[in-house]
Amino acid sequence: MKRIFFIFLLFVIILNAQLLQPFVKHIPMRDGKWLAADCYVQDTSGTIKYPTILIQTPYNRLLFRFGLPLGIGINLDGCPYAFVIVDWRGFYGSAAAAVPNPDRGKDGYDVIEWIVNQPWSNGKVGTWGPSALGKIQYLTAKENHPNHICAVPLVAAPQSLYLEYFPGGVYRKEYVDQLDALGFGLSSTLLTHPYYDTYWQLAEWLTFYPQNIRIPMFLIGGWFDHNIQLMLDFFAALQTQSEVQVRYKHKFLIGPWVHGGHGTSQVGTPQQGELTFPQAVGWGDSLALRFFDYYLRGINNNWENEPPLRFFIPGKNIWESTTSWQTTIQNQTSITLYLLKEGRLSDEPPTYHHDTIQFVYDPRNPSPTVGGMTLRNDLLQGPYDQSQQVESRNDIVVFTSDDFSIPVTVTGKIKVILWVSSDVLDTDFALRLTDVYPDGRSILVREQIQRMRFRKGYSQSDELFMQDDSIYRIEMNFYDISYTFLPQHKLRLSITSSNYPRFDINLNNGGPMYTSGDTLVARNAIHVGQYYPSSVVLPVDQYPLRINDQVKESWIESFVSSDGKWLIVKLNKNEFVFLTIYDIQGRIIWHGPIDRQVSVYTGNWKNGVYYIQAQSLHELNVEPIMIVR
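These numbers were taken from a predicted model, which means no experiment stands behind them.

Draft legend 1. Quick look at the pairing of strand E4 (residues 82-87). Where burial is concerned, most of E4 is hidden: six out of the six residues are buried. Across four bridges, the pairing between strand E2 (residues 34-40) and E4 is antiparallel. Note on E4: the bridge partner recorded for Tyr40 is Phe83. Bridge count for strand E3 (residues 50-57) against E4 is six bridges, and the pairing is parallel. When the bridges of E4 are listed, Leu54 appears paired with Val84.

Dropping the structure here:
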């Protein structure tokens, strides 16, 4: 027993030796209460003046004693910044400062006022933090303290929208469950307002204030984070509505990241759900430090020439940049894929008038949530395979495209138009859009849901129940994304009537929502054909090949020279042809017109598979070729 005790004691000593040791302060607020703060400053004498990075957290400031963010960890030697980590009013060390409806923006202002009056402060304060730690940065920035110089909110936006908590009119159960567990206690208020009413009108008006932002912001978000659409919308507003002097200084980085908060997948880590993105590792931290260095330390590091928006494209696994998201999506072309009765997605319209695909939805046995934009600690988060636990059930209909023959990049909102019916008064239609890999995995890319009583709107006066003999058109938009479907991959749309516990279940009885009561089994249907053209609309850029085109007998001959430095392409067709060569990530390597034969230098190409696309006036041909030296 003594030996076990001493081993335990040694472990505690080693652990404590690796902990950061801040000095603790109680920062006074204007109402006479105080907030607990951990301060990490190498020299507190005032001999050295530090810019400060302020972090305000509801999740216990003591956790940062295991390591500071931005790659700093537990080694403060030579760190050019002071860090001040503050517990929110009413949480952990600041529990005694609790008041009803606290103004957290004013609390942030008072903390900054305290910081700049410390002998070790150089008078410049930047803020940093993800999720709730990001949301409070917007509130603090809104108060416009003259020494609040810049902010880095991660996976966070300031808006509180009805559709954030009730997408398609359906309560986001797992999300609010987690917020309640963290101490925010929102469920009782939200469930009192399941319709879009004056409560939501006021909440949305109060939480959308780009015109009050007067400091440069560097937003960091993730395509697989539940806040990405809010961030895109707020960034667009910052670029057009914030103070003129900072309007062109805001930047936005979007990676292939989930929200984080639990598990191994976090902003900047390689593993994201079931996928790995080593090309995006550490980008958030490195760029955030450049941002702080530029604004807080005055270092000329060319930050001002960084693109306003830089985003990662999963599939291609490359970074792209643009001046604004609106500019990017305006340049897309829409391609329509029709849902066909045999379970296919085709860009050729159906030839028959009408057909129906039915499925059963039992609220007592809902379709399970597997990954996606979740928050709750007991759920997977991010892009996960749906084939085993979701698509194998009998309460689902699935529509799948043919193999892509070349890389196809979708950028913007994917829209789904469905013609549906049901034998109950109210039910839900839940969508999952997936990337089907050659090995059969069906990786979740996007998901959405619609409650049928809210198909005309979300106020109580909009509520409209279904009739058994009627067919209804509904239109659903997925969140924005930029994503590449690679060759030999497929696109799949799966339709169920539940996705639980991500979204609360519909009892199907047309009665009050989110209460206990009898459930009905619904027999739901998707209608397809010329009369009811259910479809998926893809926003694509330079889409060179119809999705279901099959490669015909080749009229191009290609081979690599013996030294591996030249690709020779010959045409068995006597007409003008435009040739384009893509790499495996969909990037154009070479393009131009040819007449019978061309030699392309490949000496600087990487080994691997490339795709040769030959477009004549009447025909298109694509074939792969391997470059190996």
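Draft legend 2. Structural context of the environment of Gly221. Position of Gly221 relative to the elements: it lies in strand E7 (residues 218-224). For Gly221, a relative accessible area of 0% corresponds to the buried category. Residues in contact with Gly221, not counting those within four places in the same chain, are Val155, Met231, Phe252, Leu253, Ile254, Gly255 and Trp257.

Draft legend 3. Spotlight on the pattern of salt bridges. Under the criterion given, the structure shown has 32 salt bridges. Arg61 is paired through a salt bridge with Asp38; the nearest N and O atoms lie 2.9 Å apart. Pair noted here: Arg61 is in the loop between E3 and E4 and Asp38 is in strand E2, with a separation of 23 residues, a long-range link. Using a relative accessible area of 8% as the deciding quantity, one classes Arg61 as buried. Here Arg344 makes a salt bridge to Asp402, at a shortest N to O gap of 3.5 Å. Here Arg344 is found in the loop between strand E13 (333-339) and strand E14 (345-346), whereas its partner Asp402 is found in the loop between strand E16 (397-400) and strand E17 (408-412), with 58 residues between them in sequence. A single network of salt bridges, built from pairs that share partners, joins Asp38, Arg61, Arg65 and Asp87.

Draft legend 4. Looking closely at the nonpolar core. Membership of the largest hydrophobic core comes to 107 residues, with the highest contact counts inside it found for Phe292, Leu339, Ile495 and Ile526. Per-element accounting of this core gives the leading share, seven residues, to helix H8 (residues 228-241). Contacts of Leu339, omitting those with residues within four sequence positions, involve Arg344, Leu345, Tyr352, Phe399, Leu418, Leu493, Ile495, Ile526, Val528, Ser534, Ser535 and Val536. By size, the runner-up hydrophobic cluster in this structure holds 19 residues, among which are Met29, Tyr50, Leu54 and Val84.

Scoring rules and cut-offs
- Every chain is numbered independently, its residues counted from 1 as its sequence is written.
- Under the rules for a predicted model, residues below a pLDDT of 70 receive no local features and side-chain atom pairs below 80 are neither given nor counted, while totals for whole chains, interfaces and linings still include all residues.
- Where side-chain values are given, they derive from all heavy atoms of the structure, hydrogens and water being excluded.
- Three labels apply to residues, based on accessible area from a 1.4 Å probe with only protein chains included: buried if under 20% of the type maximum, exposed if over 50%, partly exposed otherwise in between.
- For the purposes of this entry, the term helix denotes a DSSP run of H or I that reaches at least four residues, the term strand denotes a run of E that reaches at least two, and both are numbered from the N terminus.
- Strands qualify as paired when DSSP identifies two bridges or more between them.
- Should any heavy atoms of two residues lie within 4.5 Å, those residues are counted as being in contact.
- Here, a salt bridge means any Lys or Arg side-chain nitrogen found within 4 Å of an Asp or Glu carboxyl oxygen.
- What we call a nonpolar core is a set of buried Ala, Val, Leu, Ile, Met, Phe, Trp, Tyr and Cys residues that are connected through their side-chain atoms within 4.5 Å.

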